[in-house]
Amino acid sequence: MSLTVLTSAYRLRSLCRLQRIQAHMVRSCSSSMVHLMMAFSLACLKGRTKWESDNETDIVIIKGAGDKAFCAGGDIRAVTEAGKVGDSLAQDFFREEYLLNNAIGSYRKPYIALIDGITMGGGVGLSVHGRFRVATEKTLFAMPETAIGLFPDVGGGYFLPRLQGKLGLFLALTGFRLKGRDVQRAGVATHFVESKKIPDLQKELVDLKSPSAEDVSRVLDSYQSQSSLDAEKPFILKKHLSDIDRLFSASSVEGIVKNLKTDGSEFAKKQTETLSKMSPTSLKITLKQLQAGAALSLQDVLVMEYRLSQACMRGCDFYEGVRAVLVDKDQNPKWNPSTPEEVSDQMVEQCFSSLGEKDLTL
């Protein structure tokens, strides 16, 4: 991951250049990677205050250090190991990550995320709350957390319900993957620029003198207009949007599954199959998360999500999901409870309960 501060004197000051973070995140590695991410987060948090008051700092650009991923998320395996033994990393990891998400969301100067590659989990939090998010044909976006007994965090409860119709809920529950130009069409990215043009785009942004958000927007609009790749292809979910709005409009997970089974179309059958593989507890938490998040500020959503993260640390599905998907890779998790009907409203409500003095403070 590379974070670069651009200044009005046409100079680039590299604040953090973690050359191998992308490769580590894609593979998932040891707990040292988590500590590296936390150090990165703290550096950015401290830098954010300095940058906002520094007259020489104009814009911030964040991008992946390699050519495969922007950021595929943190080392979930290390977090699960910490959670099993009650290590403070299970609290610290989520706290620092959410503090950084909030800092990005409230940053007043232009913040540009060049999401030229895999963008999942923590990578979404590093990008989607910024003013400008630039996708390329290499971008792969997904929030696959319900498949590992978690929920779409890093502010997912804020930005997902603000996508068109029920699209955000669909993405959150199913983990559906969006690629390339579709990431912008869905509203996750603000712009689409062909990958080969990114170096020139960055240089032009660097060369701007004391740029305003409007100046940055004009440059991005210009590069987008020059990027015709896949422009003729329709949005992959275009023909399903009305179905998504109708089928996912139920107020409960059970209602959504019933709608899908009743519909019986090939699209509905596929989503039914997908949801059947997800953690029932995660599905119910996620639905309530997005229902509540639609009316909350980003800050309040992050406080809510920190409570949810700690509920997942206390539960069992997160550990089982990581085992099945990332460790043993048998893709056969044994969820407990095993069906949505067995996940009571009281169980869900408890996940949203205040942590008292341990609540996230922003």
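The rules behind the values
- Along each chain, residues carry numbers from 1 onward, in the same order as the chain's sequence is written.
- A pLDDT threshold of at least 70 governs which residues receive local features in this predicted model, and a stricter bar of 80 or more applies before side-chain atom pairs are shown or counted, although totals over entire chains, interfaces and linings include all residues.
- No hydrogens and no water enter the side-chain calculation; it runs on all heavy atoms of the structure.
- Strand pairing follows a simple DSSP-based rule, namely that at least 2 bridges must link the two strands.
- The helix count covers DSSP runs of H or I at least four residues long, the strand count covers runs of E at least two residues long, and both are numbered beginning at the N terminus.
- Whether two residues touch is decided by their heavy atoms; if any such pair falls within 4.5 Å, the residues are in contact.
- For every residue, the accessible area obtained with a 1.4 Å probe (protein chains only) is divided by the maximum for its type, and the residue is called buried under 20%, exposed over 50%, and partly exposed between those limits.
- In this analysis, axes come from line fits to C-alpha atoms, helices being fitted only over the stretch in contact, and the angle between any two N-to-C directions falls in the range 0 to 180 degrees.
- Definitions for this section: a left-handed crossing has its near helix turned counterclockwise from the far helix by less than a right angle. A right-handed crossing has that turn clockwise.
- Residues are grouped as follows: Ala, Val, Leu, Ile, Met, Phe, Trp, Tyr, Cys and Pro are nonpolar; Asp, Glu, Lys and Arg are charged; every other residue, Gly included, is polar.
- Two rings from Phe, Tyr or Trp (for Trp, the six-membered ring) form a pair when their centres sit within 6.5 Å of each other. Planes less than 30 degrees apart are called stacked, planes more than 60 degrees apart edge-to-face, and all others tilted.
- Lysine and arginine charges are scored as sitting over a ring when NZ or CZ, respectively, is within 6 Å of the ring centre and within 35 degrees of the ring normal.
- Salt bridges are identified by distance alone: a Lys or Arg side-chain nitrogen within 4 Å of an Asp or Glu carboxyl oxygen.
- Every angle not falling under 35 degrees, over 145, or within 65 to 115 is termed oblique; those three ranges are roughly parallel, roughly antiparallel and roughly perpendicular.
- For our purposes a nonpolar core is just a set of buried Ala, Val, Leu, Ile, Met, Phe, Trp, Tyr and Cys residues, chained together by side-chain atoms within 4.5 Å.

Details of the sheet that holds strand β9 (residues 178-179)
Taken in spatial order, the four strands of this open sheet run β4-β6-β8-β9, and their pairing is mixed. Each of the sheet's edge strands pairs with one partner strand only, and the pair in question is β4 (69-71) and β9. For β4 and strand β6 (residues 118-120), the ladder comprises two bridges, and the chain directions are parallel. Among the inter-strand pairings, cysteine 71 is bridged to a residue of β6, identified as threonine 119.

Description of the environment of methionine 347
Looking at the element boundaries, methionine 347 is found in helix α17 (residues 345-351). Between the C-alpha atoms of methionine 347 and threonine 281, which are 66 residues apart in sequence, the distance is 8.6 Å. Setting aside residues no more than four positions away along its own chain, methionine 347 makes contact with Pro337 and Glu342.

Some remarks on the side chain of asparagine 102
Of note, asparagine 102 is situated in helix α4 (residues 89-106). Judged by relative accessible area, asparagine 102 falls into the buried class, the value being 12%. Residues within four places of asparagine 102 in sequence aside, it is in contact with Leu298, Gln299, Leu302 and Leu362.

Examining the packing of helix α3 (residues 76-85) against helix α16 (residues 317-327)
Two numbers describe how α3 lies on α16: the axes approach to 10 Å, and their chain directions differ by 145°. For α3 against α16, the interelement crossing comes out left-handed. Mapping the contact onto sequence places Ile76, Arg77, Val79, Thr80, Gly83 and Lys84 in α3 and Phe318, Tyr319, Val322, Leu326 and Val327 in α16. The residue inventory of the contact of α3 with α16, partitioned by class, reads seven nonpolar, two polar and two charged.

A closer look at the environment of isoleucine 62
By the secondary structure assignment, isoleucine 62 is in strand β3 (residues 57-63). Between the C-alpha atom of isoleucine 62 and that of serine 127, which follows or precedes it by 65 residues, the distance is 8.0 Å.

Some thoughts on the packing of aromatic side chains
If you walk through the whole model with that rule in mind, you get seven aromatic pairs. For the ring pair phenylalanine 170 and phenylalanine 176, a centre distance of 5.5 Å and an interplane angle of 45° mean the geometry is tilted. Considering the side-chain rings of phenylalanine 170 and phenylalanine 248, the 5.5 Å spacing of their centres and the 90° angle between planes classify their relative orientation as edge-to-face. Taken together, the positions of phenylalanine 170 in helix α7 (residues 167-174) and phenylalanine 248 in the loop between α11 (241-247) and α12 (253-263) put the pair 78 residues apart, joining distant regions of the chain. Note on accessibility: phenylalanine 170 and phenylalanine 248 belong to one class, buried. Above the face of the tyrosine 158 ring, arginine 162 is positioned so that its terminal group lies 3.9 Å from the ring centre. Directly above the aromatic system of phenylalanine 352 lies the positively charged group of lysine 288, at a separation of 5.4 Å from the ring centroid.

Here's the deal with the pairing of strand β7 (residues 132-135)
The two faces of β7 match: Phe132 and Val134 on one face and Arg133 and Ala135 on the other face are all buried. Across four bridges, the pairing between strand β5 (residues 111-115) and β7 is parallel. What sits directly across from isoleucine 115, in β7, is alanine 135.

Comments concerning the pattern of salt bridges
A pair can form between side chains of opposite charge whenever their charged atoms are brought close. Applying the stated rule across the entire model yields 17 salt bridges. Residues arginine 246 and aspartate 243 are paired through a salt bridge, measuring 2.9 Å at the closest nitrogen-oxygen approach. Residue arginine 246 and its partner aspartate 243 are located together in helix α11, separated by three residues, close to a single helical turn. Across the pair glutamate 349 and lysine 288 runs a salt bridge whose closest N-O atoms are separated by 3.1 Å. Of this pair, glutamate 349 sits in helix α17 while lysine 288 is found in helix α14 (residues 280-293), placing the two residues 61 residues apart along the sequence. Of the residues examined, glutamate 349 reaches a relative accessible area of 42% and is grouped as partly exposed.

Focus on unusual backbone geometry
Cis geometry is found at the peptide bond from asparagine 336 to proline 337, where omega equals 0°. With respect to the element layout, proline 337 can be found in the loop between α16 and α17. Of note, valine 154 is a non-glycine position whose phi angle comes to about 45°, a positive value. Note on placement: valine 154 falls in the loop between β8 (140-142) and α6 (156-159). Within the chain, glutamine 331 stands out as a residue other than glycine whose phi angle is a positive 55°. By secondary structure assignment, the location of glutamine 331 is in the loop between α16 and α17. The class of glutamine 331 is exposed, set by a relative accessible area of 53%.

So, the packing of α3 against α4
Viewed as axis vectors pointing N to C, α3 and α4 meet at an angle of 135°, and their least axial separation amounts to 8 Å. With respect to their mutual orientation, α3 and α4 come out oblique. Contacts between α3 and α4 involve Ala78, Val79, Ala82 and Gly83 from the former and Leu89, Ala90, Phe93 and Phe94 from the latter. Residues belonging to the contact of α3 with α4 are distributed by class as follows: seven nonpolar, one polar and no charged.

Quick word on the nonpolar core
A general tendency of soluble globular proteins is for nonpolar side chains to be buried together. Core analysis: the biggest nonpolar cluster contains 77 residues, and Phe141, Phe248 and Phe318 have the highest contact counts within it. Sort the elements by how many residues they give to this core and helix α15 (residues 298-314) lands first, with nine residues. Dropping the residues within four chain positions of it, phenylalanine 318 is found in contact with Ile76, Val79, Thr80, Ile148, Gly149, Leu150, Cys312 and Met313. Among the nonpolar cores identified, the runner-up in size contains 16 residues, and Leu201, Leu205, Ala213 and Val216 belong to it.

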